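The chain contents come next:
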Amino acid sequence: MKYFIGNWKMFGSPKSINILKKINLFYTRDKNRKKYRIIFTPPYTLLQNYSNYFKNKKISIGSQNCYQKDKFSSNTGAISSYMIKSVGAKYTLVGHSDNRIEGDTDLMLKKKVSYAIKNNLRVVFCIGENKTEKKNKKTFQVLKKQLTNVLEKKFYNNIIVAYEPVWSIGTGEIPSSQNLKETTIYIKNILKNLFRSKTPPVIYGGSVDGLSVQSFKEVKEIDGFLVGGASKSSKKFIDIIKNYYR
Ligand code: 13P
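One structure accompanies this document, and this report is about it. (Residues numbered from 1 in each chain as written. Predicted model: local features only at pLDDT ≥ 70, side-chain atom pairs only at ≥ 80, totals over all residues. Heavy atoms only, no water.)

## A closer look at the environment of leucine 93
Applied cut-off: In this text, helices come from DSSP runs of H or I with a minimum length of four residues, and strands from runs of E with a minimum of two, each type numbered from the N-terminal end. Contact criterion: two residues are considered in contact whenever any of their non-hydrogen atoms come within 4.5 Å of each other.
By the secondary structure assignment, leucine 93 is in strand β4 (residues 91–94). Separated by 115 residues in the primary sequence, leucine 93 and valine 208 have C-alpha atoms spaced 17 Å apart. Leave out the neighbours within four places in its chain, and leucine 93 touches Asn7, Thr41, Ser63, Gln64, Asn65, Val124 and Leu226.

Written out as structure tokens, the structure reads:
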């Protein structure tokens, strides 16, 4: 099974649901539809509305983050997994580099993953090295730490790992397919040791669009994509799926 996930970041109003309606229509008519799933993570403000609309449809809805405490607490501006689940969302991203840069530590991320799974959300756990780490050849070291500091065996069934090199996000710079293949195999080996079983899905994110997907699809180890910019247009998002299966 492949995953095509759209992360809207700080984008979207109630009207933007039309973008997802078009993607849903494409999906229902696509001859390849049994091979993949579509998930979208709009901002918190749209979770309830979109989750209701897509309840019995093919697109699943998730949040972009969740707070590191359960249920309700006196933390202004915070939203817990319990609250996210209560409005019908099924997934959450955890550990996106946007949030790591703003201070999310491994300990906070471990709590976020734990509470998300406790509340029956499936977690898309994001990892990735930044430009300096890549330049200093620290990529594998960084990825290993990000994975082993947070993930536990009991999370296995509810995790998708998203490898998003920070230097590739929104820049148009992408890893070569050889490079991506090596990194994905490395991540899968770490996960195999960690979970002592088959590995969960590992997807790629960073400047994925209709063009770049043509080179990523050569990497058979990749189980899908986490798409930022190109997920804000139905045409661009559909082009990614079309070109992947072409
Ligand atoms: P872009 O596809 O815009 O590079 O963003 C990737 C991303 O951060 C998705 O979470």
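## Here's the deal with the packing of aromatic side chains
What counts here: Two rings belonging to Phe, Tyr or Trp (six-membered ring only in the last case) form a pair when the distance between their centres is within 6.5 Å. Interplanar angles under 30 degrees mark stacking, angles over 60 mark edge-to-face geometry, and anything in between is tilted. Two limits define a charge over a ring: the Lys NZ or Arg CZ must be within 6 Å of the ring centre, and within 35 degrees of the ring normal.
Tallied over the full model, the rule gives 19 aromatic pairs. Residues phenylalanine 216 and phenylalanine 225 carry aromatic rings whose centres are separated by 6.0 Å and whose planes lie at 35 degrees to one another, so their mutual orientation is tilted. Ring-pair connections join several aromatic residues into one group, and the members of that group are Phe4, Tyr27, Tyr36, Tyr163, Tyr204, Phe216, Phe225, Tyr244 and Tyr245. Over the ring of tyrosine 53 we find lysine 21, and its NZ or CZ is 4.7 Å from the ring centre. Lysine 57 extends its terminal NZ or CZ atom over the ring of tyrosine 53, reaching a point 4.3 Å from the ring centre.

## Some thoughts on the state of the cysteines
Applied cut-off: Disulfides are defined as cysteine sulfur pairs within 2.5 Å. Only protein chains enter the accessibility calculation, which uses a 1.4 Å probe. A residue is then buried if its area is under 20% of the maximum for its type, exposed if over 50%, and partly exposed in between.
If you walk through the whole model with that rule in mind, you get 0 disulfides. Just so you know, cysteine 66 is unpaired, no disulfide at all, and the nearest cysteine sulfur is the one on cysteine 126, 11 Å from it. Classification of cysteine 126 by relative accessible area gives buried; the value is 1%.

## A look at empty space enclosed by the protein
Applicable threshold: For each structure, a 1 Å grid was placed over the protein atoms alone; sets of points admitting a 1.4 Å probe that cannot get out are labelled cavities, open sets with protein on both sides within 12 Å along at least five of seven lines are labelled pockets, and lining residues have an atom within 4 Å of a point. Grid points are joined across faces, edges and corners, and a volume is the space filled by probe spheres set on the points. Classification convention: Asp, Glu, Lys, Arg as charged; Ala, Val, Leu, Ile, Met, Phe, Trp, Tyr, Cys, Pro as nonpolar; all other residues, Gly among them, as polar.
A complete count under the given rule lists 1 cavity of 30 Å³ or more for this structure. Quantified by volume, the largest cavity comes out at close to 40 Å³. Taken together, Gly95, His96, Ser97, Arg100, Cys126, Ile127, Gly128, Glu164 and Val166 form the lining of the largest cavity. Secondary structure elements with two or more residues in the lining of the largest cavity: α4 (97–101) and β5 (122–127). Residue classes in the lining of the largest cavity are distributed as 3 nonpolar, 4 polar and 2 charged.

## Considerations on the pattern of salt bridges
Put simply, the rule reads: Any carboxyl oxygen of Asp or Glu that lies within 4 Å of a side-chain nitrogen of Lys or Arg is treated as forming a salt bridge with it.
A complete count under the given rule lists 9 salt bridges for this structure. One salt bridge connects aspartate 104 with lysine 112, and the closest N-O pair in it is separated by 2.9 Å.

## A word on the sheet that holds strand β6 (residues 159–163)
In plain terms, the rule: For two strands to be treated as a pair, DSSP must find no fewer than two bridges joining them. Lines fitted to the C-alpha atoms define the axes, with helices restricted to the stretch that makes contact. Angles between their N-to-C directions range from 0 to 180 degrees.
A barrel is described by the order of its strands in space; here 8 strands give the closed sequence β1-β2-β3-β4-β5-β6-β7-β8, paired in parallel fashion. Between one strand axis and the next, the sheet turns by 25 degrees as a mean value, whatever way the strands run. Pairing of strand β3 (residues 59–63) with β4 involves 2 bridges; the strand directions are parallel. Across the sheet, the residue bridging to glycine 62 is tyrosine 91, located in β4. Strand contacts of helix α5 (residues 106–118): β4, β5 and β6, with the helix running at about 160 degrees to β5, the strand carrying the most contacts.

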